[in-house]
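What follows is each chain in one-letter form.
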Amino acid sequence: MREAASALAPAPGRALKNVWLVVLALFLALPWLGTGQYPLHLIIIALIWSYIYTSWAIMGRLGMVSFGHGAFMGIGAYSVVLLWNLFGVSPWIGAVAGVSLSLLVALLIGYACFRFRIIGHYFALVTLALSEVVRLVIIALRDHTGGSLGITPKPGLADGASANLYAMQFSDRTVWFYIALAVWLTGLVLWKLADQHPSRRALQAISEDEDAAASIGIPVARTKLGVTLLSAGMTAFGGVLYAQYQFYVSPDTVSGIAISLQMVFGAIAGGMFVRLGPTVGAMFLLALSETLRILIGNEHHGVDMTVYGALLILFIIFMPRGILGTLLRR
Amino acid sequence: MESVFDIFLLEAVLNGLLLGGLLALLSLGLNLIFGVIDVVWICYAELIMIGMYAIWWLHVGQGLSLWLAFPAAVVLVGLMGMALHYFIIRPVLAAEPINQLLVTGGVLFFLQALATVIFGIDFRNLGVRLPGFSVGDMYFSSARLLAFAVALAAIAATWLFLRRTFTGVAIRAISQDRSIMPLMGVNPGRIYLVTSAIGGALAGLAGCLLVLQYDVHPAIGLSFGPLTFLICVMGGLGNLIGGFVAAFVFAQFISVGGFLFQLEWGYVIAFVFFIAMMFWRPQGIFARSGR
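**Examining the overall build of chain A**
Right, on to step 1. When its secondary structure is counted, chain A shows 16 helices and 2 strands.
Right, on to step 2. Taking 20 Å as the expected radius of gyration for a compact globule of 330 residues, we find that chain A reaches 20 Å, a close match to that expectation.
Right, on to step 3. Dimensions of chain A, computed from the C-alpha atoms along their principal axes, are close to 65 × 55 × 40 Å.
Right, on to step 4. Long-range pairs, those at least 24 residues apart, make up 73% of the contacts in chain A between residues at least 6 apart in sequence.

**A closer look at the overall build of chain B**
Right, on to step 1. When helices and strands are tallied, chain B shows 10 helices and 2 strands.
Right, on to step 2. In chain B, the order of α-helices and β-strands from amino to carboxyl end is α-α-α-α-β-β-α-α-α-α-α-α.
Right, on to step 3. A compact globule built from 291 residues would reach a C-alpha radius of gyration of about 19 Å, and chain B, at 19 Å, matches this within 12%.
Right, on to step 4. With the C-alpha coordinates aligned to their principal axes, the bounding extent of chain B is approximately 65 × 50 × 35 Å.

**A short note on the confidence of the model for chain A**
Right, on to step 1. Confidence in the prediction of chain A, expressed as mean pLDDT, is 84, and 95% of residues score 70 or more.
Right, on to step 2. Within the model, the stretch residues 1-12 of chain A combines pLDDT values under 50 with 13 contacts to residues more than four positions away or in other chains.

**A short note on the domain arrangement of chain A**
Right, on to step 1. Splitting chain A by domain gives domain 1 (1-34) and domain 2 (40-256).
Right, on to step 2. Domain 1 of chain A and domain 2 of chain A are separated by 29 Å when their C-alpha centres are compared.

**Things to note about the packing of helix 3 (residues 66-89) of chain B against helix 7 (residues 188-211) of chain B**
Residue and element names in this part refer to chain B.
Right, on to step 1. In the contact formed by helix 3 and helix 7, the axes pass within 7 Å of each other and the chain directions differ by 140°. It follows that helix 3 is oblique to helix 7 by the angle criterion. Regarding helix 3 and helix 7, the two cross each other, and that crossing is right-handed.
Right, on to step 2. Across the contact of helix 3 with helix 7, the residue classes break down as 17 nonpolar, 8 polar and no charged.

**Overview of the interface of chain A and chain B**
Right, on to step 1. Taken together, the contact pairs 40 residues of chain A with 39 residues of chain B.
Right, on to step 2. Mapped onto the side of chain A that touches chain B, the elements with two or more residues apiece are helix 6 (120-140), helix 13 (256-270) and helix 15 (303-318) of chain A.
Right, on to step 3. For the side of chain A that touches chain B, the leading source of residues is helix 6 of chain A, giving 15 residues.
Right, on to step 4. Broken down by class, the residue content of the side of chain A that touches chain B amounts to 31 nonpolar, 7 polar and 2 charged.

**Considerations on the nonpolar core**
Note on soluble globular proteins: their nonpolar side chains tend to be buried together.
Right, on to step 1. Counting residues in hydrophobic clusters, the biggest one holds 195 residues, and the most contacted among them are Ile48 and Ala77 of chain A together with Leu23, Leu25, Leu230 and Phe250 of chain B.
Right, on to step 2. If one sorts the elements of this core by residue count, helix 1 (residues 2-37) of chain B sits on top with 14 residues.
Right, on to step 3. Excluding residues within four positions of it along the chain, Leu230 of chain B makes contact with Leu125 and Ala129 of chain A together with Phe271 and Phe274 of chain B.

**With respect to the packing of helix 9 (residues 199-208) of chain A against helix 11 (residues 220-246) of chain A**
All names here are of chain A.
Right, on to step 1. At a minimum axis distance of 10 Å, the contact between helix 9 and helix 11 shows a crossing angle of 110°. Comparing their axes, helix 11 and helix 9 come out roughly perpendicular. The residues of helix 11 that touch helix 9, namely those facing Ser199, Ala202, Leu203 and Ile206, are Val220, Thr223, Lys224, Gly226 and Val227.
Right, on to step 2. For the contact of helix 9 with helix 11, a count of residues per class yields 5 nonpolar, 3 polar and 1 charged.

**Quick look at the pairing of strand 1 (residues 132-135) of chain B**
Residue and element names in this part refer to chain B.
Right, on to step 1. One ladder, built from 4 bridges, connects strand 1 with strand 2 (residues 138-141); its direction is antiparallel. The residue bridging Ser134 from the neighbouring strand is Tyr139, located in strand 2.
Right, on to step 2. Counting the residues between successive antiparallel strands, the hairpin from strand 1 to strand 2 contains 2 residues, one of them, Gly136, with a positive phi of roughly 65°.

**Notes on unusual backbone geometry**
A negative phi angle characterises most non-glycine residues, just as the trans form characterises most peptide bonds.
Right, on to step 1. If you check the backbone angles, Phe247 of chain A has positive phi at about 60° while not being a glycine.
Right, on to step 2. Assignment of secondary structure puts Phe247 of chain A in the loop between helix 11 and helix 12 (251-254).
Right, on to step 3. Phe247 of chain A gets classed as partly exposed once you count the C-beta atoms within 10 Å, which come to 13.
Right, on to step 4. We note that Asp38 of chain B has phi near 70°; this positive angle belongs to a residue other than glycine.

**Quick look at the environment of Leu230 of chain A**
All names here are of chain A.
Right, on to step 1. Note that Leu230 resides in helix 11.
Right, on to step 2. The exposure class assigned to Leu230 is buried, which follows from the 20 C-beta atoms found within 10 Å.
Right, on to step 3. Along the chain, Leu230 and Leu190 lie 40 residues apart, while their C-alpha atoms are 8.8 Å from each other.
Right, on to step 4. Among residues more than four places away in sequence, those in contact with Leu230 are Ile58, Leu190 and Ala194.

**Describing the confidence of the model for chain B**
Right, on to step 1. On average, residues of chain B score 83 in pLDDT, and 94% of them are at 70 or above.
Right, on to step 2. Prediction confidence for the complex, expressed as pTM and ipTM, is 0.85 and 0.80 respectively.

**Here's the deal with helix 7 of chain B**
Right, on to step 1. Here helix 7 of chain B contains 24 residues, and its C-alpha end-to-end distance of 34 Å stays within 8% of the 34 Å for a straight helix at 1.5 Å per residue.
Right, on to step 2. Counting buried residues along helix 7 of chain B, 17 of its 24 residues qualify, which places the element largely inside the surrounding structure.

The rules behind the values
Residues numbered from 1 in each chain as written. Chains lettered and ligands numbered in written order. Predicted model: local features only at pLDDT ≥ 70, side-chain atom pairs only at ≥ 80, totals over all residues. Helix = DSSP H or I, 4+ residues; strand = E, 2+ residues; numbered from the N terminus. Rg over C-alpha atoms; globule rule 2.2 N^0.38 Å. Contact = placed C-beta atoms within 7 Å. pLDDT = per-residue confidence, 0-100. Domains from an automatic or database assignment. Axes fitted to C-alpha atoms, helices over the stretch in contact; angles between N-to-C directions. Parallel < 35°, antiparallel > 145°, perpendicular 65-115°, else oblique. Left-handed = near helix turned anticlockwise from the far one by under 90°. Nonpolar A, V, L, I, M, F, W, Y, C, P; charged D, E, K, R; others polar. Core = buried A, V, L, I, M, F, W, Y, C linked by C-beta atoms within 7 Å. Buried ≥ 20, exposed ≤ 12 C-beta atoms within 10 Å, placed from the backbone. Pairing = 2+ DSSP bridges. Expected span 1.5 Å × (residues − 1).

Right, here's the structure in full:
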C-alpha cells in the first residue's frame, strides 16, 4: 500500500489534482503515521457515515428527500448478521443478499411513489413509514434478531488469528480503515458517474418541475427509480459495513426514524449539492462531538446533539447549501 | 373457547377506540398547522414531550398540584408553538417547502438532546396511577377513558372555535386561499401565530393525557411521532375530519393487530396499511377535489 501511495503522488497533472493525490496519499499512509487506535476508530466510523450520507445525498440532492434510508441500512445490516448467525452464510454473500433485498424494497416503494406522483412532504412521510416498518419488524422478530437489545455476529476468528476473510471479520483496525476508505471512495466515484450519466439532466429537470419534465418526454418514474435504486443499494452496503465493523447492531442504531434523520441532516449540514458535502457533514458532527467531549467530559449526555440540533436549525435558515456548499460558492 | 376469544377481541376493539380518541387529538394540532401554514412540524411529538416533562417537573420536582401543572403545561407548550413559528418557521416560509420540514427536524434533534441534558435518559413518571375498571370480563384503564373523553372534548372545542369565532373563520379561510386574505383585512402573520399557539396548546394537552399513561423520557417522541404524521397524511394533510377518521382506523389496526399477533406487528400492519393507502389515495382518504 505504501508503494502504491508513493507511486500515485508524483503523477503529473493539474495543480488541484496533485493536491488531491497528496491528500489521498496521506490518507492511505494514515495507519502507518503513528495514528492511535482510538483516532483510527473515529476515522473509520467517520468514513462509514460519510459513505452512507453520500449514498443518501445521491438522491436527496435531486429533490427526493427520503426519511426512510434507515430501512435500507437496517436491511443491509441485519441481513448480513442474521444469515451468518442463523445459517453460517458468509457475509460476502450476506452483503449481496442484503443489498438485493434493499433494492427490491426500494423498487416496490419507489415504483409506487413515483408512479403515483408522491413527492415532497408526502414522499418524506411515506418513506418515514417504511423506515419504521423495518425497525418494528426487527423488534417484532425478537426470537431471531434479539429485539431491541440488538445482536452480535458470531465470532469467526480462530485463536490467535487476526483475520477471517470468509467471515468478513478482522481484528486489525488497519484492515478496516482501508476497507472503509475504499468503500467511501467508491461512493464518491459512483456520485461522479451518476453525474455524468445522460439521465442526470433529466433528473435535474424533474427535481425542478415534474410536469414540465414529463411534458418534454422524460420518463419521470423510471429515471427517478434508477437513482433511488442506486442510493438504496449503496446505503444497504453501508449497513453491512457498519455491522461488520462495529460487530453489533440494534434496531435503534441502524434503522428507524432517528437514523434516517441522522442521514438527512448529516448530508444537509455538509451540503448535499456538492460531492464532498456529505463527507464534510459526517466529519463535522464527529469533530463537534469529540471536541465537546474533551471540553466538558463524558458525563453530560446530549450536549453535543443539543449544539448540533441548534446548528442544524441555523444552517437550514441561513445557509441551506450546507457548510461545504456555502464555502465553495464564495 | 369461541366466546372467550370474542370478548377479548371486543376488549381490543374498545381499547382501540379509546386509543383512537387520543391519536385523533395528537394529529389535530399537527393537521391544523399544516392546513393553515402549510408546514409539517416534524418536532410535534417533541413538543408533547416537553409538555410531559413540564408536568413532571412541576408536580414531582416542585410539588405543584396537578390541577395547576396541567394548565401550566398547556400554556407553556402553546407559547413554545408561537416561538417555534416566529423564530424558526417564519424565516424559511419563503424557502423551498422541504426546508420547512427539515428545519423542524433540526428542532426535533435539539429538543430531544436538550431534554437529555436537563433530565437525563431515565424514565420519569408522575407516580400517579389511575385505577382500572372492569366491564364483565373486560379490563379498561381509566387514564385511557379520561384521555378519550378529554381528547374528544378538545376536538369539539377546536371545531367550535373554527366555526363560530371570527379568528376561527379567518383561520379556515386562510387555509383555503392564502393570497386573498390580506385583501380581506386579515393579517396572515397574526393568524399563523394564533394557529401555532393553538397547535402548541393542543400538543401540551396531549402531553397532559400521555403523562398519565406513560413514563416520559427524551426519546418518547420517536415512539408516537411517526404515527402522528402518518395519521395526518392518511387523512389528507390539513384535512381535520380525514385525520380524525384515520386516527380511529390506525388505532384499530394497532389494537386488534397487537391483540391477534404482537404489539409491534400491530404497528407494522398499521404502517404497511398506510403505505398501501398512499398508493390508492395519495391525497388522503377524504381527498378534497381539485388539489
